Amino acid sequence: MRRLPTGLLFAMPALVVMTMLIAYPVVYTGILSVTDADGAFTGAENFRDVLAARVTPKAFQNTLWWVGGSIVFQIILGTATAILLNQKFPGRGIVRSIAVIPWVVPGIVAATTWAWMFHTEFGIINYMMTSSGVADAPIGWLTNRHTVMPAMIAINIWKLFPFVAIMVLAGLQSIPNDLYEAARVDGASFWDETWHVTLPQVRPVLIAVTLLLVIWALNHITTIYAITKGGPANLTLITPIQIFKLGFEQFQFNQAAALSVIFFTVAMVIVALYIRFLAQGGEIAK
Amino acid sequence: MSQAKRIALLTGASVLSVAAMSAQADEVTWWTPNFNEERARELVAQFEEEHPEITVNLEITVTNGLPERILTTLRSGSAPDLIDVQHPWVNGYAQNDLVMPLDDVLTDAEDYNEAAIDYVTWNDQLWAVPYRIEAMAVIFNKGDFEAAGLDPEAPPETWAELAEAAQALTGDGKFGFAITGGGEVGNTIFRSVPFVWMNGGDLISEDGTEAIINSPEAVEAVKYWTDMYVDLGVSPTSTLENDGTANRRLFIADTVSMYQSGQFDLASIAQENPDIDIGVMMQPHPEGKDPASILGGWSWVIPADAENPDEAKVLIEWLAQAENMGFYTDTFPARVSAMDMPRFDDPMLEVYGDMLPYGRPLPNHPNWVQISQAYFDGIQRILIGEMDAQESMDLAAEDIQALLD
């Protein structure tokens, strides 16, 4: 009898743990998605039911807004902050520490705090706006259909742009000074330097960070669930929250599993496309 | 170890083991929610005195996540012998053979609140013994009524009077009548569905085959209720964020003059703002019709695979005696004769007692949670101004119909 290769033997314990932690839940979700509550096989029925519900396309649409809106501003604001923090100025250390606070605050704490700040009746934002005369009457930030999703996105941006800033800052500090010196010899301005030296150099970092942000935004639940639970009238219902509500509030575990499978597939396609087309040459993302 | 000590230990151990054995034979495990704990302990002590052959093991539960916990234990095959559950859950257990019929225990159904019996009846059998019932009414601030020139002793009775009073009470940062538009779905169900009922409508037809929430009567009621915020502006700006607790807080903070709630709010209002002269009125009804309210409350069930169902039945029979039930309930007893107890003779509770005969059970349907969510989404669409009542309820009816088919 041939012995198992030593390498495989060493990897065995880790493989077993991986199987239990990753493969089992994935397979189980797959099984749940094609069976009913009693475990009988139902084929595509759960998929049909969940796709037929009006909230499903709406949640998808909301998810796109949520992910797109969050990422664009997180990247722009984060990169700008990184460039700023990379300059030499007095008190830089303190500013750098303060800048990471939003990222360090636990998600549920941040969400609750923002919910109170946005509150129509007791919120500090409305208080400041009405007392300074900017607004005549309190604004229902979390209940007006034009402001509630932007408010959620704003919280998400606030929460995660420091992460982008730290990553980009690390990337900036690894750029050799010679490049800037060479550019300055050629008469480059600050904007030329930023555009032609800095950004190309941190491109791999930005690509990796964007990918992370996309995945996080797609999986996000805390902020929105803690503040609006997806309401009012499903205006902030994103797909992960729909899955959560289907499963744990409405006990439709099989439909929730079906939606998870669909969502997983879509997310995988997005990530694959992203890596295929945008991340060419971005070594980190591969 | 000395000889004496060893003997003492041995005797102790054997006494314990004998006790354990006899306890196992006639031992009832009873799950009760924490708000009942103190009274349950007292009743258990009394019961054990009268029935020395039965030992009762109390296990205290918390309402948060309780439905899931009970469902798990009922499905697991190792359930306790007696569980306190909310009325609306009973039917689902009965349909899935998770609990025992209790017709041999509850033999005097005519002494019980009718709606409570309806809740626990399925397939012509009784599946639980209801012990606690409650219905919402409208709590109001008598001082505000006087300040607005209204008579606090003659609060609004009809919808027209309610709207008029609410408008008179609104102004100077005060709101006349607070409705709920946020929080858990149940908050809005409990407050708005009675209005639909009063007007002759419902969410689904009685046989559970048709969504009828877009019928003219239902839409008119939904419009009346949501107009408190949308059209009349007598409900706070934060309505879409508010649940029942938020409304109570606004009432305590003197921002709201009237809001719908149960008798469980009275104590905390009196404690947190003793200056408010609290009044309670029946739910106002459409001209010439009756008030309505959703009947809430709790029942006892015996799981289908309980180990000692016979002893559990003895315990339920004892607990269901009028004076024991009247002592045990947090609000009102399900038994009509127990209402005579002095405990319920509080003028503040009078209106709540008057509301009880108008209490109705929620519709029973396996997809009820999703149905109520679809209705709640419809209410929110109206409140945020996305649609009018008819359009929104048409959509809700479409969603609900899909859940019924």
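Thresholds applied
Residues numbered from 1 in each chain as written. Chains lettered and ligands numbered in written order. Predicted model: local features only at pLDDT ≥ 70, side-chain atom pairs only at ≥ 80, totals over all residues. Heavy atoms only, no water. Patch = residues over 30% accessible without salt bridge, like charges linked within 9 Å, V, L, I, M, F, W, Y side chains within 5 Å. Areas by Shrake-Rupley, 256 points an atom, 1.4 Å probe, with all protein chains shown as cover. Salt bridge = Lys/Arg side-chain N within 4 Å of Asp/Glu carboxyl O. Helix = DSSP H or I, 4+ residues; strand = E, 2+ residues; numbered from the N terminus. 1 Å grid on protein atoms, 1.4 Å probe; cavity = no way out; pocket = protein on both sides within 12 Å on 5 of 7 lines; lining within 4 Å. Points joined across faces, edges and corners; volume = space filled by probe spheres on them. Domains from an automatic or database assignment. Contact = heavy atoms within 4.5 Å. Buried area = accessible area lost by both parts, 1.4 Å probe. Buried < 20%, exposed > 50% of the residue type's maximum accessible area, 1.4 Å probe, protein only. Core = buried A, V, L, I, M, F, W, Y, C linked by side-chain atoms within 4.5 Å. Lys, Arg positive; Asp, Glu negative; His and termini not counted. Charge placed at Lys NZ, Arg CZ, Asp CG, Glu CD. UniProt positions renumbered as here; feature names shortened; annotations may be inferred. Pairing = 2+ DSSP bridges. Axes fitted to C-alpha atoms, helices over the stretch in contact; angles between N-to-C directions. Parallel < 35°, antiparallel > 145°, perpendicular 65-115°, else oblique. Left-handed = near helix turned anticlockwise from the far one by under 90°. Nonpolar A, V, L, I, M, F, W, Y, C, P; charged D, E, K, R; others polar. Polar contact = N/O pair within 3.5 Å; in protein donor to acceptor, adjacent residues only side chain to side chain. Expected span 1.5 Å × (residues − 1). Arc of directions from axis to C-beta.

Q: Whenever I open this one, a nonpolar patch on the surface confuses me. Can you help?
A: A contiguous nonpolar patch, built from Leu4, Leu8, Leu9, Met12, Leu15, Val16, Val17, Met18, Met20, Leu21, Ile22 and Val26 of chain A and spanning about 1,100 Å² of accessible area, is present on the exposed surface. Inspection of the secondary structure puts methionine 12 of chain A in helix 1 (residues 6–33).

Q: Sorry if this is basic, but what is going on with the layout of surface pockets here?
A: Where empty space is left can be seen by rolling a probe of water-molecule size over the atoms. Residue and element names in this part refer to chain B. Size it by volume and the second largest pocket reaches roughly 560 Å³. Glu206, Pro361, Leu362, Pro363 and Asn364 are the residues nearest the centre of the second largest pocket, which is lined by 20 residues in total. Mapped onto the lining of the second largest pocket, the elements with two or more residues apiece are helix 4 (87–95), helix 5 (114–119) and strand 4 (121–122). In this structure, the lining of the second largest pocket is formed jointly by two domains, domain 1 (3–134 + 296–352) and domain 2 (137–294 + 367–404), each of which donates at least three residues.

Q: I'm lost on the domain arrangement of chain B in this one. Help?
A: A common way to express how large an interface is: the accessible area buried when the components associate. Residues and elements named next belong to chain B. When the domains of chain B are assigned, the result is domain 1 (3–134 + 296–352) and domain 2 (137–294 + 367–404). A straight line from the C-alpha centre of domain 1 to that of domain 2 covers 34 Å. Every contact between the two is made by nine residues of domain 1 and, on the other side, 12 residues of domain 2. Of all residues in domain 1, Met348, Val351 and Tyr352 bury the most surface against domain 2, accounting for 64% of the area lost on that side. Where domain 1 packs against domain 2, one counts zero salt bridges.

Q: Whenever I open this one, unusual backbone geometry confuses me. Can you help?
A: With glycine set apart, most residues show a phi of negative sign, and most peptide bonds adopt trans. The phi angle at lysine 229 of chain A is positive, at roughly 55°, despite the residue not being glycine. Assignment of secondary structure puts lysine 229 of chain A in the loop between helix 11 (222–227) and helix 12 (239–248). Its relative accessible area of 25% is what places lysine 229 of chain A among the partly exposed residues. The phi dihedral of aspartate 254 of chain B falls on the positive side, at around 65°, and the residue is not glycine. Mapped onto the secondary structure, aspartate 254 of chain B falls in the loop between helix 10 (244–252) and strand 9 (256–261).

Q: Before we go on, may I ask you to explain the environment of alanine 115 of chain A in this structure?
A: Within the fold, alanine 115 of chain A resides in helix 6 (residues 107–118). With residues up to four places along the chain from it excluded, the contact list for alanine 115 of chain A reads Leu142 and Ile227 of chain A.

Q: How should the nonpolar core be read in this particular structure?
A: A general trend in soluble globular proteins is that nonpolar side chains are found buried together. By size, the foremost hydrophobic cluster in this structure holds 190 residues, and its most contacted members are Trp30, Ile213, Met258, Trp300 and Tyr375 of chain B. Ranked by residue count, the leading element in this core is helix 8 (residues 148–173) of chain A, at 13 residues. Shared between two domains, this core takes at least three residues from each, and those domains are domain 1 (3–134 + 296–352) and domain 2 (137–294 + 367–404) of chain B. Not counting the four nearest positions on each side in its chain, tyrosine 375 of chain B is found in contact with Ile189, Ser192, Val193, Val196, Leu203, Ile213, Val222 and Met393 of chain B.

Q: What should I look at first to understand a negative patch on the surface in this one?
A: Where like charges cluster on the molecular surface, the negative patch consists of Glu157, Glu161, Glu164 and Glu287 of chain B. By secondary structure assignment, the location of glutamate 157 of chain B is in the loop between helix 6 (142–147) and helix 7 (159–169).

Q: How should the UniProt feature "transmembrane region" (unreviewed entry) in chain A be read in this particular structure?
A: UniProt records the feature "transmembrane region" (unreviewed entry) at residues 7–27, 64–85, 97–118, 151–172, 205–227 and 256–279 of chain A, using the numbering of this structure. Within the segment residues 97–118 of chain A, helix and strand shares are 86% and 0% respectively, and the terminal C-alpha atoms sit 26 Å apart.

Q: Explain the sheet that holds strand 3 (residues 82–86) of chain B to me, please; I cannot follow it from the model alone.
A: Two pairing modes exist for strands in a sheet, parallel and antiparallel, and in both the strands are linked by backbone hydrogen bonds. All names here are of chain B. Pairing is mixed across the open sheet formed by six strands, whose spatial order is 2-1-3-12-6-13. Two strands in the sheet have a free side with no partner beyond their single neighbour: strand 2 (55–61) and strand 13 (332–333). Pairing of strand 1 (residues 27–33) with strand 2, which is carried by seven bridges, proceeds in the parallel orientation. From the neighbouring strand, tryptophan 31 faces strand 2, where its bridge partner is glutamate 59.

Q: Can you walk me through the packing of helix 3 (residues 55–85) of chain A against helix 8 of chain A in this structure?
A: A pair of packed helices is characterised by two quantities: the angle between their axes and the separation of those axes. Residue and element names in this part refer to chain A. Where helix 3 meets helix 8, the closest approach of the two axes is 6 Å, and the angle between their N-to-C directions is 40°. When the axes of helix 3 and helix 8 are compared, the pair comes out oblique. Every pair of crossing elements has a handedness; the one defined by helix 3 and helix 8 is right-handed. Counted by class, the contact of helix 3 with helix 8 contains 19 nonpolar, eight polar and no charged residues.

Q: Would you mind going over the pattern of salt bridges with me for this structure?
A: Once their charged atoms are close, side chains differing in charge can pair, the charge on each being opposite to the other. Residue and element names in this part refer to chain B. Under the criterion given, the structure shown has 15 salt bridges over all chains. Where glutamate 37 meets arginine 41, a salt bridge forms, and the shortest distance between an N and an O atom there is 3.1 Å. With glutamate 37 and arginine 41 both in helix 2 (residues 37–50) and four residues apart, the pair spans about one turn of that helix. For glutamate 37, a relative accessible area of 26% gives the class partly exposed.

Q: Hey, could you run me through the interface of chain A and chain B in this one?
A: On the side of chain B, 24 residues touch chain A, which itself brings 26 residues to the contact. In total, chain A and chain B occlude about 2,000 Å² of area from one another, counting both sides; carbon and sulfur atoms represent 50% of this. One can count three salt bridges joining chain A with chain B. When the shortest N-O distance is used, the salt bridge between arginine 54 of chain A and glutamate 398 of chain B registers 3.6 Å. Taken together, the links from chain A to chain B amount to eight residue pairs in polar contact (both at pLDDT 80 or more). Of all the secondary structure elements, the ones that give two or more residues to the side of chain A that touches chain B are helix 3 and helix 12 of chain A.

Q: Hey, could you run me through helix 4 of chain B in this one?
A: In an α-helix, one turn spans 3.6 residues, which is why side chains three or four residues apart end up on the same side. Residue and element names in this part refer to chain B. Listed as buried for helix 4 are His87, Trp89, Val90, Asn91, Tyr93 and Ala94. In the core, the buried residues of helix 4 are packed alongside helix 3 (66–76), strand 3, helix 5, strand 4, strand 6 (129–134) and strand 12 (296–301). Two residues or fewer past helix 4, aspartate 97 is found with a positive phi of approximately 60°.

Q: Hey, could you run me through the environment of leucine 404 of chain B in this one?
A: Residues and elements named next belong to chain B. Here leucine 404 is to be found in helix 16 (residues 389–404). Accessibility expressed as a relative area gives 13% for leucine 404, which makes it buried. Sequence-wise, leucine 404 and isoleucine 371 are 33 residues apart; in three dimensions their C-alpha atoms are separated by 8.6 Å. Leaving out residues up to four positions away in the same chain, leucine 404 has contacts with Ile204, Gly208, Thr209, Glu210, Ala211, His365 and Ile371.

Q: Any chance you could explain helix 2 of chain B here in plain terms?
A: Residue and element names in this part refer to chain B. Taking 1.5 Å of rise per residue, the 14 residues of helix 2 would be expected to cover 20 Å, and the 20 Å separating its terminal C-alpha atoms lies within 8% of that figure. Turning to helix 2, its buried residues number three or more, namely Arg39, Ala40, Leu43, Val44 and Phe47. Down the axis of helix 2, the smallest arc covering the buried residues is 135°, so these residues share one side. Among the exposed residues of helix 2, those oriented more than 90 degrees off its buried face are Glu38 and Glu49.

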